[in-house]
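Analysis of the macromolecular model
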Amino acid sequence: MDKGLFYGVLLWEGEQKIQDVASRLEIQLDKYRTLPRVLVFHLAIRELLANPVKDNVRSVNRMLSTYNQSLSSDAVYLMSRGGVTLAGSNWLTVLFCNF
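Keep in mind it's a predicted model, so treat the numbers as computed, not measured. Starting from 1, residues in each chain are numbered consecutively following that chain's sequence as written. Predicted model: local features are reported for residues with pLDDT of at least 70 only, side-chain atom pairs are reported and counted for 80 or more only, and whole-chain, interface and lining totals are derived from all residues. Excluded from the side-chain calculations are hydrogens and water; all other atoms, namely the structure's heavy atoms, are used.

As a further point, take the overall build of the chain. Each helix is a run of DSSP H or I of at least 4 residues and each strand a run of E of at least 2, with the numbering of both proceeding from the N terminus. Counting secondary structure elements, the chain contains four helices and two strands. Going residue by residue from the N terminus, the α and β elements of the chain occur as α-α-α-α-β-β. A compact globule built from 99 residues should have a C-alpha radius of gyration of about 13 Å, whereas the chain, at 21 Å, is more than 25% larger. Any residue under 20% of the maximum accessible area for its type is buried, any over 50% is exposed, and the rest in between are partly exposed; the area is computed with a 1.4 Å probe on protein chains only. In the chain, which comprises 99 residues, the proportion classed as buried is 24%. For the chain, long-range pairs separated by at least 24 residues make up 38% of all intrachain contacts whose partners lie at least 6 apart in sequence. Charged side chains of the chain number 11 positive and 9 negative; the gap between the two group centres comes to 11 Å. The size measure is the radius of gyration over C-alpha atoms, and the globule rule it meets is 2.2 Å times the number of residues to the 0.38 power. The criterion used for residue contact is that any of the two residues' heavy atoms lie within 4.5 Å. Charged-residue counts in this description rest on Lys and Arg as positive and Asp and Glu as negative, His and the chain ends being excluded. By convention, the point assigned to a charge is CZ for Arg, NZ for Lys, CD for Glu and CG for Asp.

If you want it as structure tokens, here you go:
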């Protein structure tokens, strides 16, 4: 086989694999894209952002746990604009980090 043809085939195969991985990654990311848009309209989220007291935090923690299970994600967090974690789906197992 001609070296140019060989390298051309390798290049084509590599591009095909990259496109396949990119497509699969895009599908995975699509699962999470709508979540912030959905959650922003949830009353419990609005109440927690306006008044971050324990009862509101507990309510949102439970709700985020449910969403997390549905998405099969590692964790879902609600953070303030300042990077403070207000609630999280993993509230029973870990302490939150602020970013």
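Here we come to the packing of helix H3 (residues 43–50) against helix H4 (residues 54–71). Lines fitted to C-alpha atoms define the axes here, with helix axes fitted over just the stretch in contact, and angles between the N-to-C directions of these axes take values from 0 to 180 degrees. Direction vectors running N to C along H3 and H4 enclose 140°, while the axes themselves pass 9 Å from each other. It follows from the interaxial angle that H3 and H4 lie oblique. The handedness of the crossing between H3 and H4 is left-handed. Where H3 approaches H4, its residues Ala-44, Ile-45, Glu-47 and Leu-48 are matched on the opposing element by Asn-56, Val-57, Ser-59, Val-60 and Met-63. Grouping the amino acids of the contact of H3 with H4 by side-chain chemistry returns six nonpolar, two polar and one charged. Each angle is binned into one of four classes, with values under 35 degrees roughly parallel, values over 145 roughly antiparallel, values of 65 to 115 roughly perpendicular, and all other values oblique. Here a crossing is taken to be left-handed if its near helix is turned anticlockwise relative to the far helix by less than a right angle, and right-handed if that turn runs clockwise. Gly falls in the polar group here, along with every residue not listed as nonpolar (Ala, Val, Leu, Ile, Met, Phe, Trp, Tyr, Cys, Pro) or charged (Asp, Glu, Lys, Arg).

What follows deals with the pattern of salt bridges. We count a salt bridge whenever a side-chain nitrogen from Lys or Arg sits within 4 Å of a carboxyl oxygen from Asp or Glu. A complete count under the given rule lists four salt bridges for this structure. The salt bridge partner of Arg-33 is Glu-26, with a shortest N-O separation of 2.9 Å. The class for Arg-33 is partly exposed, based on a relative accessible area of 38%. When its relative accessible area of 38% is taken as the criterion, Glu-26 is described as partly exposed. Measuring nitrogen to oxygen at the nearest pair gives 2.3 Å for the salt bridge that ties Asp-30 to Arg-33. Taken together, the positions of Asp-30 and Arg-33, both in helix H1 (residues 3–33) and three residues apart, correspond to about one turn of that helix. Judged by its relative accessible area of 41%, Asp-30 falls in the partly exposed class. Where salt bridges share partners, they join Glu-26, Asp-30 and Arg-33 into one cluster.

Right, let's get into the nonpolar core. Among the buried residues, those of types Ala, Val, Leu, Ile, Met, Phe, Trp, Tyr and Cys that are joined through side-chain atoms within 4.5 Å form a nonpolar core. Counting residues in hydrophobic clusters, the biggest one holds 14 residues, and the most contacted among them are Leu-39, Ile-45, Leu-48, Val-60, Leu-64, Leu-78 and Ala-87. When residues of this core are traced back to their parent elements, those giving at least two are helix H2 (35–39), H3, H4 and strand E2 (85–88).

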